[in-house]
Amino acid sequence: MKSKRVLFFCLFVASFLLLAYIALFINDRFVRPYLGDVLVVICIYFLAKAFFPSRGRLMALYIFVFAVIVEVTQLLGLIRFLGLENNPLARIVLGGVFDWIDIGCYAAGCLVICIVENIAGKSNQQADA
């Protein structure tokens, strides 16, 4: 169990560094706005699995709901309400602009998580048999 936690934490760090690289150095019309949003939910998944490795069934759903809540806070202007609109870190974490496409990207990332979990679950069942 500990090795799974370490693996997921290492995957979190790697995906976080990739997201940081994308945020800092890539300014295009696909990777940063779309692929970055797909990857952010996968990154959160890796972090969650590092702490809760045995809870996988609904993890993607919980992460999707969390991502949608963050997106809705953008619609409601939470960052302005908190007075953090000029804080670069807050703008990266909380975002600044609501977009339905972002929610679609989060759903796509969670779908990838579900597919990988399903494949991994079948592999584990075959290995146990």
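Rules and cut-offs
- Residues numbered from 1 in each chain as written.
- Predicted model: local features only at pLDDT ≥ 70, side-chain atom pairs only at ≥ 80, totals over all residues.
- Heavy atoms only, no water.
- Helix = DSSP H or I, 4+ residues; strand = E, 2+ residues; numbered from the N terminus.
- Buried < 20%, exposed > 50% of the residue type's maximum accessible area, 1.4 Å probe, protein only.
- Contact = heavy atoms within 4.5 Å.
- Core = buried A, V, L, I, M, F, W, Y, C linked by side-chain atoms within 4.5 Å.
- Phe/Tyr/Trp six-rings, centres within 6.5 Å; stacked < 30°, edge-to-face > 60°.
- Expected span 1.5 Å × (residues − 1).

J.: What am I meant to see in the environment of Cys 43 here?
T.: Of note, Cys 43 is situated in helix α2 (residues 31-51). Judged by relative accessible area, Cys 43 falls into the buried class, the value being 4%. Here the alpha-carbon distance between Cys 43 and Phe 16, two residues 27 residues apart in the chain, equals 6.3 Å. Those residues in contact with Cys 43 that sit more than four places away from it in its chain are Phe 12, Ser 15, Phe 16 and Leu 19.

J.: Would you mind going over the nonpolar core with me for this structure?
T.: Considering soluble globular proteins, one finds that nonpolar side chains tend to be buried as a cluster. Residues Val 41, Ile 42, Tyr 45, Phe 46 and Ile 63 are the most contacted members of the largest nonpolar core, which totals 19 residues. The element best represented in this core is α2, accounting for eight residues. Here Ile 42 is in contact with Gly 109, Val 112 and Ile 113, once residues within four sequence places are set aside.

J.: Would you mind going over the packing of aromatic side chains with me for this structure?
T.: The geometry of two aromatic rings is summed up by the distance between their centres and the angle between their planes. All told, the structure shown has eight aromatic pairs when counted by the stated rule. On the numbers, 6.4 Å between centres and 35° between planes, the contact of Phe 8 with Phe 46 is tilted. Of the two residues, Phe 8 sits in helix α1 (residues 2-25) while Phe 46 sits in helix α2, which places them 38 residues apart along the sequence. With a relative accessible area of 14%, Phe 8 lands in the buried category. When its relative accessible area of 16% is taken as the criterion, Phe 46 is described as buried. Judged by centre distance (5.2 Å) and plane angle (85°), the ring pair of Phe 98 and Trp 100 falls under edge-to-face. Grouped by ring-pair contacts, the aromatic residues Phe 8, Tyr 45 and Phe 46 constitute a single cluster.

J.: Help me understand α1, please; the structure alone is not making it clear to me.
T.: Structural remark: α-helix, 3.6 residues per turn; residues separated by three or four positions point the same way. Over its 24 residues, α1 runs 34 Å from end to end, which matches the ideal 34 Å to within 8%, given 1.5 Å per residue. By the burial criterion, the buried members of α1 are Phe 8, Phe 12, Ser 15, Leu 19 and Ile 22.

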